Amino acid sequence: GALERGFVSAMAGLLALISTGFALQTLGHLHSEELSGRGEFVVVRGVSRWRWAGGYLGVALAGSLLLLTIAGVGAGVADALHRGDWSGLGWWLGACLANAPGVWLVAAIMALAIGLLQRLWEAGWVVFAASALLAEVGPALQAPGWVKGLSPFAHVPAVPLVPFTWWSTLALLAGFRSEERRVGK
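Residues numbered from 1 in each chain as written. Predicted model: local features only at pLDDT ≥ 70, side-chain atom pairs only at ≥ 80, totals over all residues. Heavy atoms only, no water.

(A) Broad picture of the nonpolar core. Leu27, Leu68, Met110, Ile114 and Phe153 are the most contacted members of the largest nonpolar core, which totals 29 residues. When residues of this core are traced back to their parent elements, those giving at least two are α1 (2–36), α3 (49–83), α4 (89–98) and α5 (100–116). Ranked by residue count, the leading element in this core is α1, at eight residues. Contact partners of Ile114, with chain neighbours within four places excluded, come to Leu27, Leu30, His31 and Trp121. (Core = buried A, V, L, I, M, F, W, Y, C linked by side-chain atoms within 4.5 Å. Buried < 20%, exposed > 50% of the residue type's maximum accessible area, 1.4 Å probe, protein only. Helix = DSSP H or I, 4+ residues; strand = E, 2+ residues; numbered from the N terminus. Contact = heavy atoms within 4.5 Å.)

(B) Representation of helix α6 (residues 123–137). Helix length check: α6, at 15 residues, gives a terminal C-alpha distance of 21 Å against a target of 21 Å (1.5 Å per residue), a fit within 8%. Among the residues of α6, those classed as buried are Gly124, Phe128, Ser131 and Leu134. For α6, the arc enclosing every buried residue in end-on projection is 135 degrees, short of the 170-degree limit, so these residues lie on one face. The exposed set on the far side of α6, more than 90 degrees from its buried face, consists of Val126 and Leu133. (Expected span 1.5 Å × (residues − 1). Arc of directions from axis to C-beta.)

(C) Molecular detail of a nonpolar patch on the surface. Residues Leu112, Leu116, Leu117 and Leu120 make up a contiguous nonpolar surface patch of roughly 420 Å² in combined accessible area. As for its position among the elements, Leu117 is in the loop between α5 and α6. Overall, Leu117 belongs to the partly exposed group, its relative accessible area being 45%. (Patch = residues over 30% accessible without salt bridge, like charges linked within 9 Å, V, L, I, M, F, W, Y side chains within 5 Å. Areas by Shrake-Rupley, 256 points an atom, 1.4 Å probe, with all protein chains shown as cover. Salt bridge = Lys/Arg side-chain N within 4 Å of Asp/Glu carboxyl O.)

(D) Structural context of the confidence of the model for the chain. Residues with a pLDDT of 70 or more make up 89% of the chain, whose mean pLDDT is 83. When mean pLDDT is compared element by element in the chain, α3 scores highest at 93, while helix α8 (residues 166–174) scores lowest at 65. Within the model, the stretch residues 176–185 combines pLDDT values under 50 with 25 contacts to residues more than four positions away or in other chains. (pLDDT = per-residue confidence, 0-100.)

(E) Seen up close, the pattern of salt bridges. Counted by the stated rule, this structure contains two salt bridges. The residue Arg83 makes a salt bridge to Glu4 at a minimum N-O spacing of 3.6 Å. Residue Arg83 is located in helix α3, and its partner Glu4 is located in helix α1; the two are separated by 79 residues in the primary sequence. Salt-bridge contacts for Asp79 lead to Arg83; the nearest nitrogen and oxygen are separated by 3.1 Å. Of this pair, Asp79 and Arg83 both sit in helix α3, four residues apart, which is roughly one turn of that helix. Each of the salt bridges in this network shares a partner with another, and the network as a whole consists of Glu4, Asp79 and Arg83.

Pasting the structure below:
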């Protein structure tokens, strides 16, 4: 029922925060390599800074997607084994993967901060902390819609409560406000 789908959506949001942590840790490693000077050894060997940074960003994005996939399948299988019904596997996988654009947007903010504003590289962690705080206590505090809307995850469809649409995903990745966000927000 709706209660089960709401639980799946809420848990997928928490799993997305864990995946976001992975992406930010990966990009943080890029920043520490740059500060320590070890990145110069890569650049001296003919690898451009764009390619080097792009490699880290690629690992952060692909790795976070892999984590979301594993989390969705793992939770779906555990749920199926518990209930004896495999119909929820798609719910779990879809709910986790629907959060990927939010994860990627936070990672992109950090990558941009590392590339453009070396001293403000922590911007990704600030967005991450604010998103986690808004996701967990925003509803309890009855925060206004515009405050909740500051989190990239507020614009991710609450799969399986609402159907997944490519439009909402593309809108989030493009930085536009999607009207098909979360249920009840």
